Amino acid sequence: MLSTLDTDLRRTALSADEVLAIRRRRRWSMLAVVAALTVMVVWSIDVTVIEDTDWERMGSVASVLESAGRFMGVDWALFPDLVKPAIETFMIACLGTLLGVIICIPAAWFGAMNITPFKPLTYPLARLMMTLSRSIHEIVWALFFVAVVGLGAMAGIFALAVRSVGFIAKMSAEAIEDINPGPVEAIRAVGGNGFQVLRYAILPQVLPQILGVIVFEWEINIRRSAILGLVGAGGLGLVFFRQMNTFNFPGVTTVIIAILGIILVGEVVSYFARKAVI
Amino acid sequence: MKAANPVEADRAALPRDLHWQRYKYPESLYSYGAWIVVLSFLAFSVEYLSIPLERIPAMFERMAAVIASRYYPPDIEYVMDRDYLDYVVQTIQMAYLGALFGLLLSVPLGWFGSFNMTPSRRFVYPVARLFTMGFRAVHEMIWAILFVSILGFGMLPGVLALTFFCAGFAGKLFAEEIEAINMGPVEAMRAAGANLFQTMVFGVFPQVRVAFTGIGIYTWDVAFRAATVVGFVGAGGMGWYLKRAVLQIETERVAAIILSIVILVLISEVLSAFARDRVMRMK
Amino acid sequence: MPILEVRDLCARYTRSGPEILKDISFDVEADDFFAIIGPSGAGKSTLIRCINRLVAARSGSITFDGRSVTSLPARELRSLRRDIGMIFQEFNLIDRMSVMDNVLSGRLGYTGNLRTLFRAFPRTDVQRALEMLHRVGLEEHVDKRADELSGGQRQRVGIARALMQGPKLLLLDEPTSALDPKISREVMGLIKNMAQEFAVPCLCNIHDVNLAMEFCNKMIGLQDGVKMFDGPTAEMDQAKLDEIYAMEVL
């Protein structure tokens, strides 16, 4: 009994040599990939780091450490001046996210394959909107809106809104595409119209997911809104660059601490918001 | 068999006070209260930031006018220039290095920062979490500015900024991925007497390999988007051109540069989506 | 006059796909509890969805209450649908809404968009919903979320929702196949009682022949989209059943 089993195995299974040969081949192809990556790395390091860096100016390790050391310390005197910009930054993030969510409603509706009103036109349109919004950096958006609506918080809000649409709409559209079709059928069967299907069968199913995405994006928007001041769109970023330009390095550290502070507030709020949603 | 009106007939059997309200005293109060607080905060924000709401409708018109008069037509020749294309290649290299170093850094961060596999929950876990959060919390532009101020202008600060950014970005995703694994193989490895490293290599790594590759490609994609603008603060790459054109108010060049960024990002997104799709299919 | 007349009904899902239903004809009278039996894949679900046009028929005619179902424009289709209640195999409740909201959703066909948005139903609807919930024995669960209930309770909510419409016909799509045998019998009994009380005829799509024999007065048997039997339940016998379910045995 045992011996027949043994011969059977021998007929079908690979020999140890064959197994090792396959592994060896696999190892070679892995090695080729690694080699290609290494060449790329070396070339990139050569171009970006070795050739491009002004080593003279940077000086020795000690002087680099020294210039990093300038950031040690906190400029306590700056704190009172940070309260207003910090609140502004936080508000820009909130309003930007809200506006983004509003723009998102048509984008998600058009971009969900199963409910898009006119597939050949609205679906690609929504997808294009999402990709454009996600592929352009918030700094670039802010530049654009500063040029259009002028300096100030308004440009920041628009920039954040437009930048957040892509992600929120994409996730929402995916959530809508994944719904259970049963309730949709049920609402249609009681004689509900399109809006009623949306309100009763689709929205309740996707709402928790979408709210989670919105809270997530809002957290990211707090981070983003802190740098919009770079291009004149208000908030903490402006103070940050002022400190940088006047070489008040402890002040820079102070602003970063303030930014971390609002982000922490955001994390705490989002923790409770998430709990409330689920 | 059929009653004339069964509902009427049965009403006697029903409890007297048929009554229902959507509003329930304490719970509804909390949720409506929360709504009011949020909405009034938003209204207060509009007031505080002195947003001119009445100007918004006119703004769209202005937006179209500005684009048509100043940003159109984009100065395409400017971005087809050899020097500019060199900068594009450098941007790609910068993103590549930043993503690579960031990923190398994020693997240990992800391992140590995953609650189920961390070597020490009491000490290593919070430290790794703190680092991941710190890397993430500070925006890549701020990293870039800090590194520029320490190391001077050039691509090195850009690479370092992207490294920090990617380490935070991928570290968090890696940790989440490791926390979601099936612990069975890990237990089997431990039962076989494997040490911590062996458990990682044989019990955890095979489970997260595909997801890690996907995250890695995605990280590269995100790094490239960031790399296009870190030059804005002097950290190398195309962003420098953008900054110069903006300062000189060469709006048609700005339009061309933005257009080139969008196109490059779209290409990288398509490539990364394709690569991720391939990787997922290998699963 | 029969409440529902189906003549030569044919249906397929895609233009070039296989024929799901082939020339089906039958009548449902005002006091019928009408069963459609047959093996899975015979087209029972498609047939029942053709009646309220959740699936469009390809040819043939369906006349419900003197109205032709197959040719109605969208608005009239909706007002037709609110006269036809439907109970589903998987209950198709809105899981995250309360039992009350689920039952009230049966009135959506009578409700405007603004009221829908704020879920503000008229007082009479709320009254009616409470009565329905009392009748299906769920009055204690009014404010629970639908996904907190057991299978049998969820189907009771489904029954209450369908009867909220004040339907002239009830469509039952395998109402018990997601339930265990004991609960199945209870649910069927409840549906039958309610249907008799409200004088609503039922068209019931059912896999379990024993339940069909027990609760229904007429039945048709489908096999692979073709009608194999049509008549009172009493005339059904083992030989005919074997013929209808022949495919399934193989």
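Residues numbered from 1 in each chain as written. Chains lettered and ligands numbered in written order. Predicted model: local features only at pLDDT ≥ 70, side-chain atom pairs only at ≥ 80, totals over all residues.

1. Considering the overall build of chain C
1) Next: In terms of helices and strands, chain C carries ten helices and ten strands.
2) Next: On C-alpha atoms alone, chain C measures out to a radius of gyration of 18 Å, which is about the 18 Å that the 2.2 N^0.38 rule sets for 250 residues.
3) Next: Judged by the C-alpha coordinates and their principal axes, chain C covers about 50 × 40 × 35 Å.
4) Next: Taken over 250 residues, chain C has a buried fraction of 46%.
5) Next: Residue pairs at least 24 apart in sequence account for 69% of intrachain contacts in chain C once pairs closer than 6 positions are excluded. (Helix = DSSP H or I, 4+ residues; strand = E, 2+ residues; numbered from the N terminus. Rg over C-alpha atoms; globule rule 2.2 N^0.38 Å. Buried ≥ 20, exposed ≤ 12 C-beta atoms within 10 Å, placed from the backbone. Contact = placed C-beta atoms within 7 Å.)

2. Things to note about the overall build of chain B
1) Next: Across its full length, chain B holds twelve helices and zero strands.
2) Next: Listed N to C, the secondary structure of chain B is α-α-α-α-α-α-α-α-α-α-α-α in terms of helices and strands.
3) Next: A globule of 283 residues ought to have a C-alpha radius of gyration of about 19 Å, yet chain B, at 28 Å, is considerably larger.
4) Next: Taking all 283 residues of chain B together, 39% fall into the buried category.
5) Next: Within chain B, contacts between residues at least 6 apart in sequence are counted, and of these 72% link residues at least 24 apart.

3. Some details on the interface of chain A and chain B
1) Next: Counting residues at the interface gives 43 residues for chain A and 43 residues for chain B.
2) Next: Split into classes, the residues belonging to the side of chain A that touches chain B amount to 30 nonpolar, seven polar and six charged. (Nonpolar A, V, L, I, M, F, W, Y, C, P; charged D, E, K, R; others polar.)

4. Focus: unusual backbone geometry
1) Next: Omega for the peptide link from Tyr72(B) to Pro73(B) comes to 0°, which places this bond in the cis form.
2) Next: Inspection of the secondary structure assignment puts Pro73(B) in the loop between helix 3 (56-71) and helix 4 (76-79).
3) Next: Its identity as a non-glycine residue notwithstanding, Arg53(C) has a phi of 60°, on the positive side.
4) Next: Its location among the elements puts Arg53(C) in the loop between helix 1 (44-51) and strand 4 (59-64).
5) Next: Although it is not a glycine, Glu174(C) sits at a positive phi angle of roughly 45°.
6) Next: Its place among the elements puts Glu174(C) in the loop between strand 7 (169-173) and helix 7 (181-197).

5. Observations concerning the interface of chain C and chain A
1) Next: At the interface, 22 residues of chain C touch 18 residues of chain A.
2) Next: For the side of chain C that touches chain A, the secondary-structure elements that each account for two or more residues are helix 2 (74-81) and helix 4 (113-118) of chain C.
3) Next: Within the side of chain C that touches chain A, the residues separate by chemical class into eight nonpolar, nine polar and five charged.

6. Regarding the packing of helix 5 (residues 82-112) of chain B against helix 8 (residues 155-179) of chain B
All names here are of chain B.
1) Next: As a packed pair, helix 5 and helix 8 sit with axes 6 Å apart at the nearest point and diverge in direction by 40°. Comparing their axes, helix 8 and helix 5 come out oblique. Crossing geometry of helix 5 relative to helix 8 is assigned as right-handed. (Axes fitted to C-alpha atoms, helices over the stretch in contact; angles between N-to-C directions. Parallel < 35°, antiparallel > 145°, perpendicular 65-115°, else oblique. Left-handed = near helix turned anticlockwise from the far one by under 90°.)

7. Observations regarding helix 5 (residues 79-111) of chain A
1) Next: In this model, helix 5 of chain A (33 residues) spans 45 Å end to end at C-alpha, consistent with the 48 Å of a helix rising 1.5 Å per residue.
2) Next: Cys104(A) marks where helix 5 of chain A bends most, by close to 35°; the proline Pro106(A) follows one to four residues later. (Expected span 1.5 Å × (residues − 1). Bend = angle between axes of the 7 residues up to and from the residue.)

8. Some remarks on the sheet that holds strand 9 (residues 218-223) of chain C
All names here are of chain C.
1) Next: The six strands are arranged 6-7-8-3-9-10 in an open sheet whose pairing can be described as mixed. Each having just a single partner strand, strand 6 (84-87) and strand 10 (226-232) make up the two edges of the open sheet. Between one strand axis and the next, the sheet turns through 15° on average, direction left out of account.
2) Next: Contacting strand 6 and strand 7, helix 6 (residues 151-164) runs over the sheet at an angle of about 170° to strand 6. (Pairing = 2+ DSSP bridges.)

9. Describing the environment of Ser177(C)
Residues and elements named next belong to chain C.
1) Next: Within the secondary structure, Ser-177 is located in the loop between strand 7 and helix 7.
2) Next: Classification of Ser-177 as partly exposed rests on a count of 15 C-beta atoms within 10 Å.
3) Next: Taking the C-alpha atoms as reference points, Ser-177 and Leu-108, separated by 69 residues in sequence, lie 27 Å from one another.

10. Examining the sheet that holds strand 5 (residues 67-68) of chain C
Each strand in a sheet pairs with its neighbour through backbone hydrogen bonds, running either in the same direction (parallel) or in the opposite one (antiparallel).
1) Next: Taking strand neighbours across the sheet as the criterion, the four strands line up as 2-1-4-5 (chain C) in an open arrangement whose pairing is antiparallel. Strands at the two margins of the open sheet, each flanked by one partner only, are strand 2 (21-28) and strand 5 of chain C.

11. Quick notes on helix 8 (residues 153-177) of chain A
1) Next: Relative to the 36 Å expected for 25 residues at 1.5 Å per residue, helix 8 of chain A spans 36 Å between its end C-alpha atoms, a close match to the ideal helical length.
2) Next: Taken across its 25 residues, helix 8 of chain A has 22 buried, putting it largely inside the fold.

12. Regarding the nonpolar core
1) Next: In terms of nonpolar packing, the biggest core is built from 225 residues, with Ala142(A), Leu162(B), Val230(B) and Leu203(C) touching the most fellow members.
2) Next: Excluding its chain neighbours within four sequence positions, the residues that come into contact with Val230(B) are Glu140(B), Met141(B), Ala144(B), Gly158(B), Ala161(B), Leu162(B), Ala235(B), Gly237(B) and Gly239(B). (Core = buried A, V, L, I, M, F, W, Y, C linked by C-beta atoms within 7 Å.)

13. Observations regarding the environment of Pro108(B)
1) Next: With respect to the secondary-structure elements, Pro108(B) resides in helix 5.
2) Next: Each C-alpha atom, one on Pro108(B) and one on Ala175(B), is 9.4 Å from the other, the two residues being 67 residues apart in sequence.

14. Some details on the pairing of strand 9 of chain C
Residues and elements named next belong to chain C.
1) Next: In terms of residue burial, strand 9 counts as a mostly covered element, since six of its six residues are buried.
2) Next: Burial along strand 9 is two-sided: the face carrying Lys-218, Ile-220 and Leu-222 and the face carrying Met-219, Gly-221 and Gln-223 are both buried.
3) Next: Relative to strand 9, strand 3 (residues 33-37) runs parallel, the two being bridged by four bridges. Each residue of the ladder has a partner; that of Ala-35, found in strand 9, is Met-219.
4) Next: Looking at chain direction, strand 9 and strand 10 are connected through six bridges and run antiparallel. Following the sheet pairing, Lys-218 is matched in strand 10 by Pro-232.
5) Next: The turn joining strand 9 and strand 10, which pair antiparallel and follow one another in sequence, is formed by two residues; a positive phi near 50° is taken by Asp-224.

15. Description of the confidence of the model for chain C
1) Next: Mean pLDDT over chain C works out to 89, with 98% of the residues at or above the 70 mark.
2) Next: For this predicted complex, the interface confidence reaches an ipTM of 0.90, while the overall pTM sits at 0.83. (pLDDT = per-residue confidence, 0-100.)

16. A closer look at the pairing of strand 1 (residues 4-11) of chain C
Residue and element names in this part refer to chain C.
1) Next: Pairing of strand 1 with strand 2, which is carried by five bridges, proceeds in the antiparallel orientation. Bridge assignment links Ala-11 to a residue of strand 2, and that residue is Leu-21.
2) Next: Here strand 1 pairs with strand 4 via five bridges, running antiparallel. Along strand 4, the bridge assignment pairs Cys-10 with Ser-59.

17. As for the confidence of the model for chain B
Residue and element names in this part refer to chain B.
1) Next: Averaged over all residues, the pLDDT of chain B equals 85, while 93% of them reach at least 70.
2) Next: Taking the mean pLDDT of every element in chain B, the minimum, 46, falls on helix 1 (residues 6-10) and the maximum, 92, on helix 8.
3) Next: Contacts of residues 1-12 to residues separated by more than four positions or lying in other chains number eight contacts, the stretch itself having pLDDT below 50.

18. Thoughts on the environment of Val230(B)
1) Next: Mapped onto the secondary structure, Val230(B) falls in helix 10 (residues 196-230).
2) Next: C-alpha separation for the pair Val230(B) and Leu146(B), spaced 84 residues apart in sequence, amounts to 12 Å.

19. Regarding the packing of helix 8 of chain A against helix 10 (residues 194-225) of chain A
Residue and element names in this part refer to chain A.
1) Next: Between helix 8 and helix 10, the least distance of the axes is 9 Å, while the angle of their chain directions is 150°. Crossing of helix 8 over helix 10 shows right-handed handedness. Residues Gly-156, Leu-160, Ser-164, Phe-167, Ile-168, Met-171, Ser-172, Ala-175 and Ile-176 of helix 8 form the contact with helix 10, whose own contacting residues are Ile-202, Val-206, Gln-209, Ile-210, Val-213, Ile-214, Glu-217, Asn-221, Arg-224 and Ser-225.
2) Next: Broken down by class, the residue content of the contact of helix 8 with helix 10 amounts to eleven nonpolar, six polar and two charged.

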